[in-house]
Structures are given as structure tokens and as C-alpha cells.
Amino acid sequence: SSPAGARGWIFLERFCSMVKMAMVDDCVGAHVAFSNSDEIMAQIREGSSRLKSAAKLGEDHLKAVLEGFVAELRSKSFSSISVDKQMNTGSGFDSVTLQMSDIERIIAIMTELVEKLPEHWSAHVTEQRQRQLVLAVSRGDATATRRLLRAGANPNVQDEL
């Protein structure tokens, strides 16, 4: 069995945390991703920082950094995720076929993110800021609320019904 940091699905999960953390203001970043491992949190923060810096430089820079994450994903190991897949119960497919579909599925998810995120990054950042404002108010975090308002969160936005 591969170590967790070398597994494709786990890398995708961490990548999603990096993206979300990169889209929020630093004052609420700690509320976006959690781990009981300081090493994993450092990896997520470092990836988030790379994404945030690239986004500030423009769409082309962001796309290049995102493509670097896809390249890193391709270096990860892929194996069956469920006991059913590992045992090959009732599927009629062999483990190589299942393994390939997992690889293809993960790469397709990440590739789609890479293709769509640069163009919509600023809209997602605004949505995340609004979401973090609601959460900060709900938990009574006056410091984060103040910082989010200064960063441009709109206190008058209403949720859709």
C-alpha cells in the first residue's frame, strides 16, 4: 500500500483544499482546511500560496500553476478505493480496468478544474468571501468579520431562496 501522500485520490482532495484556501482571505484560511498533521497543513498552505500568487499575476500564470498540479497528480499512485473494488465483487471487471477508470476519473476532474478555474477565479473568490462572511458572523468572529468587510465582502448580499 502506498503512503497517503503518494495516492491520487488523496492528492485530489488536498488540491481542492488548496484551491478553496487560495480563494479566501488569509484571516479565515484556518477555517477552510483541517488536518491533524502539521506537515499536511503546511503542504495545503504552500499550494494555496502558489495558487493565490499566480492568480494575482493573471490568468496565464494561474493556468501554468494549475497545470503543474495536474503534472504532480500524474506522478501519484492509484489503486482501488473501496473494499468492493479491491475484492472485485460482482463487477465483472478486473482490477486493472477499475484502476484505469480511477486514474482517468481523477485526471478528468482535475483537468476540468484547470480548464475552468482561471477564467472564473475572481467570481469564485467573491463567492468564497461572501460565504466566509456568513460563517464568521455565525460563529461570532468579530475580527474575521471586520477583515472580510474591509476586503470587500458585501454585508447586504442575500442568499438565494
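Our subject is the structure listed above.
Residues numbered from 1 in each chain as written. Predicted model: local features only at pLDDT ≥ 70, side-chain atom pairs only at ≥ 80, totals over all residues. Heavy atoms only, no water.

(A) Just the nonpolar core, in detail. Formed by 35 residues in total, the largest nonpolar core has its most connected members in L51, M110 and W121. Every element with two or more residues in this core is listed here: α1 (8-23), α2 (38-57), α3 (59-74), α5 (95-138) and α6 (142-150). The biggest single contributor to this core is α5, with 10 residues. Filtering out sequence-adjacent residues up to four positions away, W121 remains in contact with V19, A22, M23, L51, A55 and L62. (Core = buried A, V, L, I, M, F, W, Y, C linked by side-chain atoms within 4.5 Å. Buried < 20%, exposed > 50% of the residue type's maximum accessible area, 1.4 Å probe, protein only. Helix = DSSP H or I, 4+ residues; strand = E, 2+ residues; numbered from the N terminus. Contact = heavy atoms within 4.5 Å.)

(B) Representation of the pattern of salt bridges within the structure. Counted according to the given criterion, the structure contains six salt bridges. Where K52 meets D26, a salt bridge forms, and the shortest distance between an N and an O atom there is 2.9 Å. One end of the pair, K52, is in helix α2; the other, D26, is in the loop between α1 and α2, with 26 residues separating them in the sequence. (Salt bridge = Lys/Arg side-chain N within 4 Å of Asp/Glu carboxyl O.)

(C) Seen up close, α3. Here α3 is 16 residues long and its end C-alpha atoms lie 23 Å apart, about the 22 Å a rise of 1.5 Å per residue gives. Buried within α3 we find L62, L66, F69, V70 and L73. Each buried residue of α3 sits inside an arc of 100° when the element is viewed along its axis, so together they form one side. Among the exposed residues of α3, those pointing more than 90 degrees away from its buried face are D60 and R74. (Expected span 1.5 Å × (residues − 1). Arc of directions from axis to C-beta.)

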